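Below, each chain spelled out in residue letters.
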Amino acid sequence: MTKLPRQNELEAYLDEALPPDEMAQVEHALRQHPECIEQLGAINARRDAGIHTLGEIWRRHRLSCPSRHELGSYLLGGLPDELADHIAFHVDVVGCRMCRASLLDLEQRQSESPEVAETRRRKYFQSSAGYL
Ligand SMILES: [Zn+2]
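## As for the overall build of the chain
Within the chain one finds eight helices and zero strands. For the chain, the N- to C-terminal ordering of α and β elements is α-α-α-α-α-α-α-α. Residue burial in the chain is summarised as follows: out of 132 residues, 14% are buried.

Shown next as structure tokens:
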């Protein structure tokens, strides 16, 4: 028997906010525990009713996604512990896909020469300015 997914795992599952291996675990658990599907339904119904938990709002709107600049400083080890811990939690525990992708991207850029990275940074800034 697999363990029952917790409420917050089901919520994250609905949001596809879990790392792939945990998504698979929840799917596996759902097949073994049909009662969990009811729980999923209840979560959906509550969402439709407009009652949102803080965690849900957070996941939906990514309120606490660190900025790209903060992610860059995080990689370089230049953040205060509290913020670094927050980012580690956000990326490793919550498994935010957007931030993971940003970190991977930033890692690649930081390994390039400063000139190349600077040019790219400017291009990135210009191309993303329209979305800010
Ligand atoms: Zn994020």
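Don't stop here, the text continues.
## Some points on the nonpolar core
Core analysis: the biggest nonpolar cluster contains 14 residues, and Y13, L18 and L71 have the highest contact counts within it. Those elements that provide at least two residues to this core are α1 (7-14), α5 (68-75), α6 (81-93) and α7 (97-110). In terms of residue count, α1 provides more of this core than any other element does, three residues in total. Not counting the four nearest positions on each side in its chain, Y13 is found in contact with P5, L18, M23 and V26.

## Some points on the packing of α5 against α6
Here α5 crosses α6 at 100 degrees, and the two axes come no closer than 10 Å. With respect to α6, the element α5 is oriented roughly perpendicular. Judged by residue contacts, E70, L71 and Y74 of α5 engage L83, A84 and I87 from α6. Class assignment of the residues belonging to the contact of α5 with α6 gives a composition of five nonpolar, no polar and one charged.

## What to know about the packing of α5 against α7
Closest axis-to-axis distance for the α5/α7 pair is 10 Å, and the angle between their directions is 60 degrees. On the basis of their axis angle, the class for α5 and α7 is oblique. As α5 runs across α7, the sense of the crossing is right-handed. Taking contact as the criterion, the partners of R68, L71, G72 and L75 in α5 are, on α7, C99, S102, L103, L106, E107 and Q110. Of the residues contributing to the contact of α5 with α7, the split by class is five nonpolar, three polar and two charged.

## Some words on α6
Between its terminal C-alpha atoms α6 stretches 17 Å, which fits the 18 Å expected from 13 residues at 1.5 Å a residue. Inspection of α6 places I87, H90 and V91 among the buried residues, and these make up the whole buried set. All buried residues of α6 fall inside an arc of 85 degrees around its axis, so they share one side. Of the residues in α6, the exposed ones pointing more than 90 degrees away from the buried face are D81, E82, D85, A88, F89, D92 and V93.

## Things to note about the environment of A17
Mapped onto the fold, A17 is located in the loop between α1 and α2 (20-32). Along the chain, A17 and R97 lie 80 residues apart, while their C-alpha atoms are 7.1 Å from each other.

About the criteria used
Residues numbered from 1 in each chain as written. Predicted model: local features only at pLDDT ≥ 70, side-chain atom pairs only at ≥ 80, totals over all residues. Helix = DSSP H or I, 4+ residues; strand = E, 2+ residues; numbered from the N terminus. Buried ≥ 20, exposed ≤ 12 C-beta atoms within 10 Å, placed from the backbone. Core = buried A, V, L, I, M, F, W, Y, C linked by C-beta atoms within 7 Å. Contact = placed C-beta atoms within 7 Å. Axes fitted to C-alpha atoms, helices over the stretch in contact; angles between N-to-C directions. Parallel < 35°, antiparallel > 145°, perpendicular 65-115°, else oblique. Nonpolar A, V, L, I, M, F, W, Y, C, P; charged D, E, K, R; others polar. Left-handed = near helix turned anticlockwise from the far one by under 90°. Expected span 1.5 Å × (residues − 1). Arc of directions from axis to C-beta.

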